[in-house]
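Descriptive analysis of the structure
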Amino acid sequence: TLDIPLNKKGKKLSPGMQAKLSIALTLGCNASVLLLDEPTASMDIPSRKLVIDLLAEIMETGEKTILLATHHVDDLKKLADYLIFFDGDEVGEPVEKDELVASHRLLWLDQPVPFDEPLPGELKRTYGKVILTNDPDQTRDALRQHSISIMEEQVPDLETVVTELLTKGEKHYA
């Protein structure tokens, strides 16, 4: 249960309790589409987990669609199937969350890239030797042309990809 005190007016509740009350009232409407704006904002850790688990359970039934606006990547990891990025008044195309992550790679290089120009597909370069790319094949080809070896390659986590997309404003995905 959400454990909302029933002996207090809504405006007298803490911000976290107000958020839980808002979720309870939204769910009580039994609408087929739920619009949730920062549903876990101001909640303590146990309350966030409870609400995320509750929303995930609702989604699993397939009876409701949830449109979620959040700044919490953990909420996206657990609840989102598709992501839509906004840039001012522009709305990006929906992108499948798992495909978005799978299309990116982190590449650890044996030596720093000896020039500042970005490689094809390169989104970010850290310490000259770690590349985040949204086009791994093109980036690998360019590295080979410069005789730079890849020591390790990894699919990045969702937070790494989302952070880079939000800070660079990229709207097109490989």
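Structural notes, computed from the coordinates. Small disclaimer: the values here were computed from a predicted structure and weren't measured.

Scanning the protein chain for helices and strands turns up six helices and 10 strands. Taking 174 residues into account, the globule formula puts the C-alpha radius of gyration at 16 Å, and the protein chain, at 21 Å, lies well above it. Long-range contacts, defined as pairs at least 24 residues apart, comprise 54% of the intrachain contacts of the protein chain with a sequence gap of at least 6. Accessible area for the protein chain stands at about 11000 Å²; split by element, carbon and sulfur atoms hold 52% of it. Charged side chains in the protein chain number 19 positive and 31 negative. The centres of these two groups are separated by 9 Å.

Attention shifts here to a nonpolar patch on the surface. A cluster of nonpolar residues, Val33, Leu35 and Leu67, forms a patch on the protein surface that exposes about 300 Å² of accessible area. Positionally, valine 33 belongs in strand 1 (residues 33-37).

Turning to helix 5 (residues 136-145), its buried residues number three or more, namely Pro136, Thr139, Arg140, Ala142 and Leu143. End-on, the buried residues of helix 5 take up no more than an arc of 165°, which puts them together on one face. Within helix 5, the exposed residues directed more than 90 degrees away from the buried face are Asp137, Arg144 and Gln145. In the segment just after helix 5, serine 147 is the residue with positive phi, at about 55°.

Cut-offs used in this document
Residues numbered from 1 in each chain as written. Predicted model: local features only at pLDDT ≥ 70, side-chain atom pairs only at ≥ 80, totals over all residues. Heavy atoms only, no water. Helix = DSSP H or I, 4+ residues; strand = E, 2+ residues; numbered from the N terminus. Rg over C-alpha atoms; globule rule 2.2 N^0.38 Å. Contact = heavy atoms within 4.5 Å. Areas by Shrake-Rupley, 256 points an atom, 1.4 Å probe, with all protein chains shown as cover. Lys, Arg positive; Asp, Glu negative; His and termini not counted. Charge placed at Lys NZ, Arg CZ, Asp CG, Glu CD. Patch = residues over 30% accessible without salt bridge, like charges linked within 9 Å, V, L, I, M, F, W, Y side chains within 5 Å. Salt bridge = Lys/Arg side-chain N within 4 Å of Asp/Glu carboxyl O. Buried < 20%, exposed > 50% of the residue type's maximum accessible area, 1.4 Å probe, protein only. Arc of directions from axis to C-beta.

This is a description of form; function is not addressed.
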